[in-house]
Amino acid sequence: MSKPLSDHERKKQISVRGLAGVENVADLKKNFNRHLHFTLVKDRNVSTKRDYYFALAHTVRDHLVGRWIRTQQSYYEKDPKRVYYISLEFYMGRTLQNTMVNLALENACDEATYQLGLDMEELQEMEEDAGLGNGGLGRLAACFLDSMASLGLAAYGYGIRYEFGIFNQKIDNGWQVEEADDWLRYGNPWEKARPEYMRPVHFYGRTEHHPDGVRWVDTQVILALPYDVPVPGYRNNIVNTMRLWSAKAPCDFNLKDFNVGDYIQAVLDRNQAENISRVLYPNDNFFEGKELRLKQEYFVVAATLQDIIRRFKASKFGTREIVRTDFSTLPDKVAIQLNDTHPALAIPELMRILVDDEKLPWEKAWDICVKTCAYTNHTVLPEALERWPLDLFQTLLPRHLEIIFEINRRHMERVSSLYPGDVDRMRRMSLIEEGGQKRVNMAHLCIVGSHAVNGVARIHSDILKATVFKDFYEMDPHKFQNKTNGITPRRWLVMCNPGLAEVIAERIGEDFIRDLDQLQKLRNFVNDEAFIRDVAKVKQENKLKFAVHLEEHYKVKINPNSMFDIQVKRIHEYKRQLLNCLHIITYYNRIKKDPNKQWTPRTIMIGGKAAPGYHTAKMIIRLITAIGEVVNHDPVVGDRLKVIFLENYRVTLAEKAVPAADLSEQISTAGTEASGTGNMKFMLNGALTIGTMDGANVEMAEEAGEDNIFIFGMRVEDVDAMDARGYNASEYYNRLPELKQAIDQIAGGFFSPKQPDLFKDIVNMLMHNDRFKVFADYEDYIKCQEKVNALYKKPKEWTKKAIYNIAGSGKFSSDRTISQYAREIWGVEPTLEKLAAPDDPK
Ligand SMILES: *Cc1c(COP(=O)(O)O)cnc(C)c1O
């Protein structure tokens, strides 16, 4: 028998990680040592693990620089249409390994660090996540950047450089506590500050109407300081830019007019101005109408539009430098995509620039604006829709409010001419909501000001047309589109699951990494014994690795042969972590009732952050941890059922959990989850899904085949019918004894003996006030989980279904999503062309 390979030797055999040529490795080692010396100013006697991480990061970063400069140079020279993806969130996670993957440097760096006596994986663990997002919406923006670069689009991500990203979640006595995410403390090697491109952003003030136009005067000025982050494409030598703005007080802040006497106070007050980019609002799918948030939204938009206009004006034409003055060509040269309504102010801001600054007539400006802008809707939940109070607007952005009024006046004129006398329709479609507190409906502003409006999965786009935006769809059907979300296969397969990527590449080659539809070829291997064995083996290895990680970090013992049943996503009532809890309790009670039966062992893991102000979500976390305390210490149950709360769920933890999952929980009430992208990550990594017919699950079932996914529960039509006749939770409670037992246990303190009424609010909600109808899907969910158990007892059958899932996951590449945005919204063509490779550092 041959000696088993070391971890390092095993990884070297994975060809998708790139070649480790001798020359390459020697250069990397030299540059690593050079950075340790000149950049970190350390020698190996005093270097910390973090120093080594930074030395490696700088070494890898050097390989981006030439490509980055040349890509931007080529855009300047060829002047293609630019795509601007504006988003309040970019949930990037870590950058080092992703850069190595896209530049094919992973094996070479691994070999170089190994020869230097270091473990690359340990160094990678030193990198902070760039947690500039809450969940799916922010992660989508990050996947889109990767795809736009990989498809060779002249694209830019524009956002805010929050000093504090999404909070770190600690679990203390079963409760969530939040800690500030001071991610920049040790510096960020992936950003380049560009103070020379600082831009002014105006707030407050008043408007003056003159014969030659409107002036916005007496404003407060805050500077927007750009930080550029490189976005490398997959092995095509393209490096795009994500530009994040940071707020900076001007040097004369508060010193000119008012506070002349108080110099010290004026300097201290600079903090107030710079608070704009201090912290990410931690709400997922929830609108919080705070002034600081509105400031953030305008800040990113105002700074970005100055960049867009400057780049449009100063372009090269052939070999000649020209200054463009004809704005009618703006839509031929610029596409602006609004990631939800958060950057909706781009619409009135573009109008302000064109009308007030560039002196275009309104009609001309409006035509340009609509042709340039497009809007993506991410949710139909009413509590998530942005509706800003008028008085806030009036104070902070008086000119923009006037512009919105004028947009609305003309919009209302059009509605009334198309539907004469239909005043109720006018009220429904107005950008201004009347009633107690007048508000601006930002979704309506986006629809009216855009040429394309899209939902993020087919079912969601259909719901938009049928319900929330019905009136707008009737008036302008051509605007409405679908763009089913996707994920980048680089981070979510090659990077996080190299073992699976390799066994796939051994069968069908490596082209699937750029063209994920090629995974279809794996259907030829569903009966191939060797392939089934390889896929199952990789899953087992991933499970073992995740189990080791959990045991190290959380001091829990895990049965690696149990089914890893995982639900990770933000904690939200509509995502129904509570339905999962009811299954756990039911399974526990069944084991207790018949302890000698052959129960399928499960390790059920739930992870996710609760918005700090969302009481019910925090109580759901407390319930999960309480159930775990009882279940995990019950000797009758043993290692057949364990309940783990995965602390601090974030991109980096997703990268570890997803490859280890057997079962993916996607159990939202039909009609509430717009798309989901977590569902796609699990599918691509060979987990089976238990889910409702909601969001992209519908299309996943179509692609994998209905036999290869566990679908249960009400469809959207069933939910609508139930809403019409009324949902009555006690009906289910009285009819289903196991449901009653579970609820009685929660209500009676079985999981909280020291505080029997701890969960009374949750029980009350479930019994009397449950918008998401948890009980209505309980029975079918439990039955479906029984089928899951039965299949898990036949490992080969299970793996075959997993292979059908992997083979069917090609549609969910963000490359496909972005190609559709490019062709159907932006009017640009993706290319698989490569730029010539530059001379890398020697
Ligand atoms: C993909 C992802 C999400 C989105 O998950 P859903 O299940 O679609 O809500 C949220 N958070 C992180 C860290 C992710 O990676």
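Please refer to the structure higher up on the page.
These remarks concern the structure in this document. (Residues numbered from 1 in each chain as written. Predicted model: local features only at pLDDT ≥ 70, side-chain atom pairs only at ≥ 80, totals over all residues. Heavy atoms only, no water.)

Located in the positive-phi region is Y204, a residue other than glycine, with phi close to 60°. Summarising the element assignment, Y204 is placed in the loop between β8 (199-203) and β9 (206-210). A positive phi angle, near 70°, is found at D340, a position not held by glycine. Of note, D340 is situated in the loop between β15 (334-339) and α12 (346-357). Overall, the relative accessible area of 9% leaves D340 in the buried class. (Helix = DSSP H or I, 4+ residues; strand = E, 2+ residues; numbered from the N terminus. Buried < 20%, exposed > 50% of the residue type's maximum accessible area, 1.4 Å probe, protein only.)

Ranked by size, the top nonpolar core spans 256 residues in total, and within it M148, F512, F775 and W826 carry the most contacts. If you tally residues by element for this core, the top one is helix α10 (residues 291-313), at 11 residues. Those residues in contact with M148 that sit more than four places away from it in its chain are V83, Y85, L153, A155, N240, I818 and W826. Of all hydrophobic cores here, the second largest spans 27 residues; its members include V60, L64, L116 and W190. (Core = buried A, V, L, I, M, F, W, Y, C linked by side-chain atoms within 4.5 Å. Contact = heavy atoms within 4.5 Å.)

Bringing α12 into the picture now. Counting buried positions along α12 gives 11 out of 12 residues, so the element sits mostly inside the fold. Along α12, the residues classified as buried are A346, I347, P348, E349, L350, M351, R352, I353, L354, V355 and D356. Taken from the residues just after α12, K359 is the one with a positive phi, measuring 60°.

This brings us to the pairing of strand β24 (residues 641-646). A large share of β24 lies buried, amounting to six of its six residues. Traced from strand β23 (residues 602-607) through helix α24 (residues 615-632) to β24, the parallel crossover comes out right-handed. (Right-handed = clockwise from strand over helix to strand, strands pointing away.)

Taken together, three strands build an open sheet; the order of strands is β17-β19-β18 and the sheet is antiparallel. Every interior strand has two partners, whereas the edge strands, β17 (387-389) and β18 (432-433), have only one. Across three bridges, β17 lies against strand β19 (residues 439-441) in antiparallel orientation. Residue pairing in the sheet places R387 in a bridge with N441 of β19. (Pairing = 2+ DSSP bridges.)

Inspection of the entire model under this criterion finds 23 aromatic pairs. Between the aromatic rings of Y85 and F144, the centroid separation amounts to 5.6 Å while the plane-to-plane angle is 80°, which identifies the pairing as edge-to-face. Placement of Y85 in strand β1 (residues 82-86) and of F144 in helix α7 (residues 136-150) is noted, with a sequence separation of 59 residues between them. Per residue, the accessibility class of Y85 equals that of F144, and both read buried. Measuring from centroid to centroid gives 6.5 Å for F710 and W798, while their planes differ by 35°, and the two rings are tilted. Linking F710 in strand β27 (residues 710-711) with W798 in helix α33 (residues 795-807), this pair joins segments that are 88 residues apart in sequence. Using a relative accessible area of 6% as the deciding quantity, one classes W798 as buried. Three or more aromatic residues joined by ring pairs make a cluster, and in this case those are Y84, Y156, Y158 and W245. The ring of Y156 has R311 sitting right over it, with the charged end atom 4.2 Å from the ring centre. (Phe/Tyr/Trp six-rings, centres within 6.5 Å; stacked < 30°, edge-to-face > 60°. Lys NZ or Arg CZ within 6 Å of the ring centre and 35° of its normal.)

The next subject is the environment of M693. Along the chain, the position of M693 falls in the loop between β26 (688-691) and α27 (697-704). The exposure class of M693 is buried, given its relative accessible area of 12%. Once the C-alpha coordinates of M693 and I667 are considered, the two residues, 26 residues apart in sequence, prove to be 8.7 Å apart. Each residue touching M693, except ones within four places of it in the same chain, is listed here: I459, A670, V698, A701, E706, I711, F712 and R715.

Residues in close proximity to the ligand total 15 residues, the closest being K569, K575, T677, G678 and K681. Here an oxygen atom of the ligand sits 2.8 Å away from a polar atom, N or O, in the side chain of K575. Within the contact set of the ligand, an oxygen atom lies 2.8 Å away from a backbone nitrogen or oxygen of T677. Here the ligand loses 97% of its free accessible area of 390 Å² to cover by the protein chains. Elements represented by at least two residues in the shell around the ligand include exactly α25 (651-657) and α26 (678-684). For the shell around the ligand, a count of residues per class yields six nonpolar, five polar and four charged. (Near = heavy atom within 4 Å. Polar contact = N/O pair within 3.5 Å; in protein donor to acceptor, adjacent residues only side chain to side chain. Areas by Shrake-Rupley, 256 points an atom, 1.4 Å probe, with all protein chains shown as cover. Nonpolar A, V, L, I, M, F, W, Y, C, P; charged D, E, K, R; others polar.)

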